[in-house]
Amino acid sequence: MLKSKDIMLRTHVSDLKGKISEQVRVEGFVQARRDQGGIKFLVVRDVTGTVQAIVTRQNGEVFDEVAKLTLESVIDLTGMIKEQKQAPGGFEIEIEALKVLSVAEPLPIPVVEEKSGGEVDAALRFDYRWLDLRKPEKLKIFKVWTALEKGFRKYFSDNGYVQVYSPSIMGTASEGGSEVFEVQYFDRKGYLAQSPQFYKQLAQSAGFEKVFMVGPVFRAEPSFTTRHMTEFTGWDFELSYIDSHEDIMQAEEAMLVEAFKTVKEEVMPELEIPTVPFPRMTMNEAKLKLKQVGVPSDKAGDFSSEEERELGRLVKEETGHDFVFVTEYGSAYRAFYHMRPEADQTVTKSYDLIYKGLEITTGAQREHRPAILKQQAQEKGIPTDQLESYFSFFRYGCPPHGGAGIGPGRIIMKLLDLESVKEATFLPRDVRRLTP
Ligand code: ATP
């Protein structure tokens with residue numbers, strides 16, 4: 001569409017610098033308003049930042065308009081940029097014309113924290129998530145996610161992996177158990193995928209050799225922790241012709257380096273890139289380490305969240321590293337499809353990756369021999385008739401393979417030191433929350 005010559009193009013706040021004495025047009029939210037005698041001050045915020053704008057009584061019509069503006073209303077203003085030492089950034093806009101694009105009602109939560117006000121309750125913030133997200137530091141979370149995922153995709157696509165998507169509605173519950181949401185699927189029951197596990201393995205049976213995926217994961221677990229949601233975004237990858245889970249760990253650490261590099265380049269110059277190899281230890285070694293500092297252990301082959309946290313702290317102290325791979329989780333605590341070493345059936349060829357004391361990944365070599373796979377499922381008391389379709393993926397030839405499921409929300413929670421994975425999630429879902 002052609003624009004007539006007298007319609008001035010919009011300038012983003014971040015591009016205003018250096019335009020002293022030029023006329024500009026800015027659109028954004030009214031973040032603050034201050035009256036000082038014959039001058040009214042506005043702080044206007046767009047996606048790139050904030051700028052101070054002023055109007056004096058001389059411009060009577062605009063002056064009166066500004067006086068009526070409510071906080072967080074959306075305006076379109078035109079004016080001249082003037083040097084102003086006291087203004088943030090050293091300049092301000094002298095408003096000549098103003099159009100109100102949207103009038104904001106009184107705010108249910110403050111957008112930019114008022115000095116006197118205490119912390120707003122998190123549940124209330126999430127009720128009004130679109131206002132909560134107007135804070136500039138919230139936008140940063142999603143810029144970090146965008147960059148992190150760009151690095152994730154770059155690593156895998158540069159290394160011969162193909163991206164696939166798998167269905168979220170399934171005819172059987174992916175891993176059995178009670179953590180699955182049922183859906184009415186015409187005249188029968190369907191289930192929401194608890195992970196794309198079976199399908200990324202199907203891709204190995206299809207001979208794709210290397211796949212990665214990004215998609216929604218659903219868990220019907222009544223958890224009220226800072227690290228669990230009922231729906232989250234999962235990153236998954238799976239590769240064939242591996243010797244052990246060590247191949248998976250090498251792929252994951254290389255991917256994470258690429259992902260962190262991208263975040264550093266694009267959003268956080270101060271971010272430290274982790275060095276490879278990440279520290280590695282077996283479950284038994286980790287338990288011994290924890291015992292030495294008096295951290296109690298309930299289970300021999302698995303961690304409590306306290307153990308994860310303490311292990312993260314110890315490894316950081318000893319090596320300076322934020323990441324640690326722990327291998328050989330007990331077979332009692334792992335999925336039936338995790339392969340077990342020939343020599344010791346009590347452990348699995350699996351790992352968890354712990355980042356700053358929190359599990360962010362589970363990975364493993366998978367059992368690709370259908371008879372053993374079925375036997376392992378039976379041992380865990382899983383009704384195997386529902387799994388026949390899955391077992392058949394491995395009946396017509398399937399390379400040895402393995403992979404991992406990663407929670408990007410948890411990575412970002414820790415990377416940015418957020419209180420909960422929900423803070424790293426655009427619109428979180430938990431036991432209580434289905435809106436907005
Ligand atoms: P946890 O033991 O913490 O409940 P899990 O062992 O059930 O996690 P996996 O099934 O291995 O987790 O899922 C792979 C990854 O997905 C986890 O390492 C984690 O990063 C992420 N994840 C798992 N469950 C959730 C959840 N409920 N909310 C957010 N992220 C999750």
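This structure is a prediction, so every number in the text was calculated from the model and none was measured. (Residues numbered from 1 in each chain as written. Predicted model: local features only at pLDDT ≥ 70, side-chain atom pairs only at ≥ 80, totals over all residues. Heavy atoms only, no water.)

Draft legend 1. Expanded view of the site of the ligand. The local shell around the ligand holds 13 residues, among which His 228, Met 229, Glu 359, Ile 360 and Thr 362 are the closest. The contact in question runs from an oxygen atom of the ligand to an N or O atom on the side chain of Arg 219, over 2.9 Å. Counting residues per element, the shell around the ligand draws most heavily on strand S15 (residues 358-365), which supplies four residues. (Near = heavy atom within 4 Å. Polar contact = N/O pair within 3.5 Å; in protein donor to acceptor, adjacent residues only side chain to side chain. Helix = DSSP H or I, 4+ residues; strand = E, 2+ residues; numbered from the N terminus.)

Draft legend 2. Spotlight on the side chain of Thr 361. Structurally, Thr 361 can be placed in strand S15. A relative accessible area of 0% means that Thr 361 is categorised as buried. Within polar-contact distance, the side chain of Thr 361 engages the side chain of Glu 252 at 2.6 Å. Not counting chain neighbours up to four residues away, the residues in contact with Thr 361 comprise Glu 252, Tyr 351, Asp 352, Leu 353, Ala 404, Gly 405 and Ile 406. (Buried < 20%, exposed > 50% of the residue type's maximum accessible area, 1.4 Å probe, protein only. Contact = heavy atoms within 4.5 Å.)

Draft legend 3. Summary view of helix H1 (residues 60-68). When H1 is considered as a whole, its buried residues turn out to be Val 62, Phe 63 and Val 66. Angularly, the buried residues of H1 cover 105° about the axis, an arc narrow enough to put them on a single face. Summarising the geometry of H1, the exposed residues directed more than 90 degrees from the buried face are Glu 61 and Lys 68. Taken together, the buried residues of H1 touch strand S1 (23-36), strand S2 (39-46), strand S3 (49-56) and strand S5 (91-102). (Arc of directions from axis to C-beta.)

Draft legend 4. Highlighting the pairing of S1. Bridge analysis of S1 against strand S4 (residues 74-83) gives seven bridges, and the strand direction is antiparallel. Along S4, the bridge assignment pairs Phe 29 with Val 74. Adjacent in sequence and paired antiparallel, S1 and S2 are bridged by two residues, among which Gly 37 carries a positive phi angle near 60°. (Pairing = 2+ DSSP bridges.)

Draft legend 5. View of the nonpolar core. Judged by nonpolar contacts, the single largest core of 41 residues is most densely connected at Leu 148, Phe 237, Met 255, Phe 260, Ile 411 and Leu 415. If you list the elements that add at least two residues to this core, you get helix H4 (136-158), strand S10 (210-218), strand S11 (231-240), helix H6 (245-266), strand S13 (323-327), strand S14 (350-355), strand S16 (401-406) and helix H11 (408-415). Take this core: its biggest share by element is nine residues, from H4. (Core = buried A, V, L, I, M, F, W, Y, C linked by side-chain atoms within 4.5 Å.)

Draft legend 6. Seen up close, unusual backbone geometry. Geometrically, the link from Val 276 to Pro 277 is a cis peptide bond, its omega value of -5° lying close to zero. Examined against the element boundaries, Pro 277 turns out to sit in the loop between H6 and strand S12 (280-282). Cis peptide bonds are those with omega within 30 degrees of zero, and the linkage from Thr 435 to Pro 436 qualifies with -10°. Phi at Ser 21 takes a positive value of approximately 70°, unusual for a residue other than glycine. Structurally, the position occupied by Ser 21 is in the segment before S1. For Asp 417, which is not glycine, the phi torsion reads 60° and is therefore positive. Within the fold, Asp 417 resides in the segment after H11. Look at Asp 417 and you get exposed, because its relative accessible area is 69%.

Draft legend 7. A look at the sheet that holds S4. One closed barrel accounts for five strands, arranged S1-S2-S3-S5-S4; its pairing is mixed. Averaged over all adjacent pairs, the angle separating strand axes in this sheet is 55°, with direction ignored. (Axes fitted to C-alpha atoms, helices over the stretch in contact; angles between N-to-C directions.)

Draft legend 8. Representation of the pattern of salt bridges. Tallied over the entire structure, the rule returns 36 salt bridges. Salt bridges here are not isolated pairs; linked through shared partners, they connect Arg 125, Arg 129, Asp 132, Lys 135, Lys 138 and Glu 423. (Salt bridge = Lys/Arg side-chain N within 4 Å of Asp/Glu carboxyl O.)

Draft legend 9. Structural context of the UniProt feature "site: Important for tRNA non-discrimination" (unreviewed entry) in the protein. In this structure's numbering, the residues bearing the UniProt feature "site: Important for tRNA non-discrimination" (unreviewed entry) are Pro 88. Relative to the assigned elements, Pro 88 resides in the loop between S4 and S5. (UniProt positions renumbered as here; feature names shortened; annotations may be inferred.)

Draft legend 10. Region of interest: the sheet that holds S16. Taken in spatial order, the eight strands make up an open sheet running S6-S10-S11-S16-S15-S14-S13-S12, and their pairing is mixed. In this open sheet, the two edge strands, each paired with only one partner strand, are strand S6 (162-163) and S12. Taken together, the two bridges between S6 and S10 define a ladder with parallel strand orientation. By the bridge assignment for S10, Gln 163 is matched with Phe 212. Sheet contacts for H4: S6, S10 and S11; angle to S10, the most-contacted strand, approximately 145°. Each of S12, S13, S14 and S15 is contacted by helix H8 (residues 305-319), which is oriented at about 120° to S13, the strand it contacts most.

Draft legend 11. View of the pairing of S16. Among the six residues of S16, five are classified as buried, and the element is accordingly described as predominantly covered. Pairing between S11 and S16: six bridges, direction antiparallel. Bridge pairing links Ser 240 to His 401 in S16. One ladder, built from five bridges, connects S15 with S16; its direction is antiparallel. In the strand pairing of S16, Gly 363 is matched with Ala 404.

Draft legend 12. Highlighting the side chain of Ser 195. Position of Ser 195 among the secondary structure elements: in the loop between strand S9 (188-192) and helix H5 (197-205). A relative accessible area of 10% means that Ser 195 is categorised as buried.

Draft legend 13. Highlighting H6. The end-to-end C-alpha distance of H6, which contains 22 residues, comes to 32 Å, matching closely the 32 Å that a straight helix rising 1.5 Å per residue would cover. Its side-chain oxygen at 3.0 Å from the backbone nitrogen of Glu 246, Ser 244 defines the N-terminal cap of H6. (Expected span 1.5 Å × (residues − 1).)

Draft legend 14. Expanded view of a nonpolar patch on the surface. Taken together, the side chains of Ile 169, Tyr 185 and Phe 186 make up a nonpolar region of the molecular surface, amounting to roughly 340 Å² of accessible area. By secondary structure assignment, the location of Tyr 185 is in strand S8 (residues 182-185). In this structure Tyr 185 comes out as partly exposed when scored by relative accessible area, which is 33%. (Patch = residues over 30% accessible without salt bridge, like charges linked within 9 Å, V, L, I, M, F, W, Y side chains within 5 Å. Areas by Shrake-Rupley, 256 points an atom, 1.4 Å probe, with all protein chains shown as cover.)

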